[in-house]
Amino acid sequence: MTYNNKPNPDDRSDNVEKLQNMIENTIQNMEAAEESMALTDSDTQRRQIQEKNERRRESIDSFRSEIKDEVRDQK
């Protein structure tokens, strides 16, 4: 039995679109978390939600940076 170990071609044509979708999904998750934070009385849960949303903001910044790199590389 032989296996063809060729890597898939590097198709980056839709990376910007995928990254934009990831940003939109992350923003929706942040908004849902903010809504749930308003409904909880737990300081621990509020703090955890705030910390998670901060990590999400950092992810969004990274996604935006990747988009800039992709656009630059496409030129």
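Summarised in this report is the structure supplied together with it. Remember, predicted model here, so these are calculated numbers, not experimental data.

## Focus: the overall build of the protein
Tallying secondary structure elements over the protein gives 2 helices and 0 strands in all. The C-alpha radius of gyration of the protein comes to 18 Å, more than 25% above the 11 Å expected for a compact globule of 75 residues. Seen through its principal axes, the protein has C-alpha atoms that stretch 60 × 40 × 15 Å. Taking all 75 residues of the protein together, 21% fall into the buried category. Contacts spanning at least 24 positions in sequence make up 71% of the contacts within the protein whose residues lie at least 6 apart. Per element, the accessible surface of the protein, about 6400 Å² overall, is 45% carbon and sulfur. If the 13 positive side-chain charges of the protein are averaged to one point and the 18 negative ones to another, these points end up 3 Å apart.

## With respect to the pattern of salt bridges
In the structure shown here, the tally under the stated rule is 6 salt bridges. In this structure, Asp43 and Arg46 form a salt bridge, with 3.2 Å as the shortest nitrogen-oxygen distance. Within this pair, Asp43 and its partner Arg46 are both found in helix α2 (residues 43-74), separated by 3 residues, close to a single helical turn. Look at Arg46 and you get partly exposed, because its relative accessible area is 28%.

## A few points about the environment of Lys68
One can find Lys68 in helix α2. Along the chain, Lys68 and Val16 lie 52 residues apart, while their C-alpha atoms are 8.7 Å from each other.

## Notes on the side chain of Glu70
Mapped onto the elements of the fold, Glu70 is located in helix α2. On the accessibility criterion, Glu70 (7% relative accessible area) is buried. Not counting residues up to four positions away in its chain, the partners in contact with Glu70 are Arg12, Asn15, Val16 and Leu19.

What counts, and at which threshold
Residues numbered from 1 in each chain as written. Predicted model: local features only at pLDDT ≥ 70, side-chain atom pairs only at ≥ 80, totals over all residues. Heavy atoms only, no water. Helix = DSSP H or I, 4+ residues; strand = E, 2+ residues; numbered from the N terminus. Rg over C-alpha atoms; globule rule 2.2 N^0.38 Å. Buried < 20%, exposed > 50% of the residue type's maximum accessible area, 1.4 Å probe, protein only. Contact = heavy atoms within 4.5 Å. Areas by Shrake-Rupley, 256 points an atom, 1.4 Å probe, with all protein chains shown as cover. Lys, Arg positive; Asp, Glu negative; His and termini not counted. Charge placed at Lys NZ, Arg CZ, Asp CG, Glu CD. Salt bridge = Lys/Arg side-chain N within 4 Å of Asp/Glu carboxyl O.

It is worth stressing that arrangement in space is one thing and function is another; only the former is reported here.
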